[in-house]
Amino acid sequence: MTANVEQDTTPLRSPPLLGFWYAAAASSDLAPGTLKGVVLLSTPILLCRTKDGRVSAMLDLCPHRGMPLSFGRLDGDRVECFYHGWQFETDGRCAAIPSLVSDSPIDPKKICVTSYPCQDQDGYIWVYMADSRYPDRPIPPLMRHPLPSQPYLMFQHSQMLSSTLDDGVVGLMDPAHGPYVHQSSFWRKPASQHDKAKRFEPIPNGFRMVGHAPSKNSPPYQLLKWFSGGELTTTIDFVLPNQRYEFIQCGSLWVSIRVLMTPITEHETRMDFCAAWNVFRWLPFGTSIFKAFAKGFLAQDKVAMDRQSIGLKYKPPFRLVGDADQQAKWYHKLKAAYLISVQTGQPLDHPLKGPVTLRWRS
């Protein structure tokens, strides 16, 4: 085996990290006065939005007989179970049990459903999935989608992948699949590959591809550069547990993209794509064109991930080759370092010790 090939005898996968915020659903999926049941990290979660717009989250299981509370209804500010009418406040406390007689010694308020911190921000309803081993650990602030100015347009798209979280994240940061998975007359082709050098630096809980000129074989970027007439730069961040940010800027014009790999079950991951931009807002049908292009591009990723999942069922060893796979190595090492930091209380030992330049062909 050559020196620049790392082989692992078992697939590089570990459970999703706890102690982080995860996007449970798009904000538009939960109208005022409604409930929605979702699955997040293999946990059934009930999302609630009261008529005045407040959101909350609790375990989507009635403690009485296990009926999913999402089959019930929101009665004012209370969740009512479909099966026996038990009612719960949005913080999970039981408020009423209709079957109890008036002089019953049972106090419903002593019965609770697990509740979760919940926020509606930047187009998503976020749920904090705590690590029960560290109950005193403070809840971190929710990361914002970079939106430097107004007005802007925004587009969201989600699609399910037959993938573990780790495989989805590694696919998200992989720089070498573009000419093969995303082939089209408008995008990259295998023949357009050339040597690239990108500089990376560590950031808290992640790493950054430092601002650079976009690739010459990326027509959408070149179109933006031509229109703006200035110097165009793109910066790409990956941040634990599952977030990739790409920020493209030329003067006051910008495009901000966030992609989340959201763990649903052990072998299902949802790709949540959100883009905002203040360029081409005047262009007729511009948003429709962008949506069509983005959906087509992401559909190609889905085909690749779903096909890869067929091979991954056989638990093959991985061979990580050269600089093109270095981000995948950093991700796995960063995840392991984070867990050690939480367990020991020591600062995170970041696998990227300082700025470094990676080189690959794509």
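The structure reproduced in this document is the subject of the present report. If you're wondering where the values come from, they're calculated on a predicted model, not measured in any experiment.

As for the overall build of the protein
Consideration 1: Counting its regular elements, the protein contains 5 helices and 21 strands.
Consideration 2: For the protein, the C-alpha radius of gyration of 23 Å lies close to 21 Å, the compact-globule estimate for 362 residues.
Consideration 3: The burial tally for the protein puts 46% of its 362 residues in the buried class.
Consideration 4: Taking as baseline every contact in the protein between residues at least 6 positions apart, the subset at least 24 positions apart corresponds to 60%.
Consideration 5: For the protein, the accessible surface area stands at approximately 18300 Å², while carbon and sulfur atoms represent 56% of it.
Consideration 6: The protein carries 39 positive and 32 negative side-chain charges, and their two centres are separated by 6 Å.

A look at the side chain of D237
Consideration 1: Examined against the element boundaries, D237 turns out to sit in strand 16 (residues 233-239).
Consideration 2: Judged by relative accessible area, which is 13%, D237 ranks as buried.

With respect to the environment of L35
Consideration 1: With respect to the helices and strands, L35 occurs in strand 3 (residues 34-40).
Consideration 2: Relative accessible area serves as the criterion here: at 18%, L35 is assigned to the buried category.
Consideration 3: Among all residues touching L35, those that are not within four sequence positions of it are L30, L46, L47, C48, L69, G72, R73, L74 and V79.

Some points on helix 5 (residues 326-344)
Consideration 1: With 19 residues, helix 5 should reach 27 Å at 1.5 Å per residue; the first-to-last C-alpha distance of 27 Å fits that figure.
Consideration 2: Looking one or two residues beyond helix 5, the residue adopting positive phi is G345, at roughly 80°.

Details of helix 1 (residues 165-173)
Consideration 1: The buried fraction of helix 1 amounts to 7 of the 9 residues, a majority that puts the element mostly inside the structure.
Consideration 2: Among all positions of helix 1, only L165, D166, D167, G168, V169, L172 and M173 are buried.

Focus on the nonpolar core
Consideration 1: Counting 70 residues, the largest nonpolar core has L47, L69 and V127 as its most contacted members.
Consideration 2: If you tally residues by element for this core, the top one is helix 5, at 5 residues.
Consideration 3: Core analysis: the second largest hydrophobic core is formed by 8 residues, A23, W126, Y128 and L260 among them.

Considering a nonpolar patch on the surface
Consideration 1: On the surface, W282, L283, F285 and I289 cluster together into a nonpolar patch covering about 490 Å² of accessible area.
Consideration 2: Locating F285 in the fold gives a position in the loop between strand 19 (268-277) and helix 4 (286-312).
Consideration 3: Judged by relative accessible area, which is 68%, F285 ranks as exposed.

Topic: the pattern of salt bridges
Consideration 1: The tally for this structure, following the rule as stated, stands at 18 salt bridges.
Consideration 2: Note that E80 and R73 form a salt bridge whose closest N and O atoms lie 3.1 Å from each other.
Consideration 3: As a salt-bridge pair, E246 and R244 come within 3.2 Å of each other at their nearest N and O atoms. The burial state of E246 is the same as that of R244; both residues are buried.
Consideration 4: Salt bridges linked by common partners bring D52, R54 and D77 together as one network.

A closer look at unusual backbone geometry
Consideration 1: Along the chain, Q150 connects to P151 via a cis peptide bond; the corresponding omega equals 0°.
Consideration 2: Along the chain, P151 turns up in the loop between strand 12 (124-129) and strand 13 (153-161).
Consideration 3: With an omega of 5°, the peptide bond running from L240 to P241 counts as cis.
Consideration 4: Topologically, P241 is positioned in the loop between strand 16 and strand 17 (243-250).
Consideration 5: Even without glycine at this site, K315 takes up a positive phi of about 50°.
Consideration 6: By the element assignment, K315 lies in the loop between helix 4 and strand 20 (318-321).
Consideration 7: Judged by its relative accessible area of 60%, K315 is exposed.

The rules behind these values
Position numbers for residues count from 1 along each chain, tracking the sequence in the order it is written. Totals for whole chains, interfaces and linings use every residue, but because this is a predicted model, local features are given only for residues with pLDDT of at least 70 and side-chain atom pairs only at 80 or more, for both listing and counting. Side-chain numbers come from the whole structure's heavy atoms, not from hydrogens or water. Secondary structure counts use DSSP, requiring at least four H or I residues in a row for a helix and at least two E residues in a row for a strand, with both numbered from the N terminus. The size measure is the radius of gyration over C-alpha atoms, and the globule rule it meets is 2.2 Å times the number of residues to the 0.38 power. Categorising residues by exposure relies on relative accessible area from a 1.4 Å probe, with only protein chains included: less than 20% of the type maximum marks a residue as buried, more than 50% marks it as exposed, and the intermediate range marks it as partly exposed. Residue contacts are defined here by distance: any two heavy atoms, one from each residue, within 4.5 Å place the two residues in contact. Working definition of accessibility: Shrake-Rupley area with a 1.4 Å probe, residue cover restricted to the visible protein chains. All tallies of charge rest on Lys and Arg as positive and Asp and Glu as negative; His and the ends of each chain are not included. A charge is said to be at NZ when it belongs to Lys, at CZ for Arg, at CG for Asp and at CD for Glu. In this analysis, the expected span of each helix is defined as 1.5 Å times one less than the number of residues it contains. Take the buried Ala, Val, Leu, Ile, Met, Phe, Trp, Tyr and Cys residues and link them wherever side-chain atoms come within 4.5 Å; each set so joined is a nonpolar core. Patch membership requires more than 30% relative accessible area and the absence of a salt bridge. Residues of like charge join within 9 Å; the nonpolar side chains Val, Leu, Ile, Met, Phe, Trp and Tyr join within 5 Å. Here, a salt bridge means any Lys or Arg side-chain nitrogen found within 4 Å of an Asp or Glu carboxyl oxygen.

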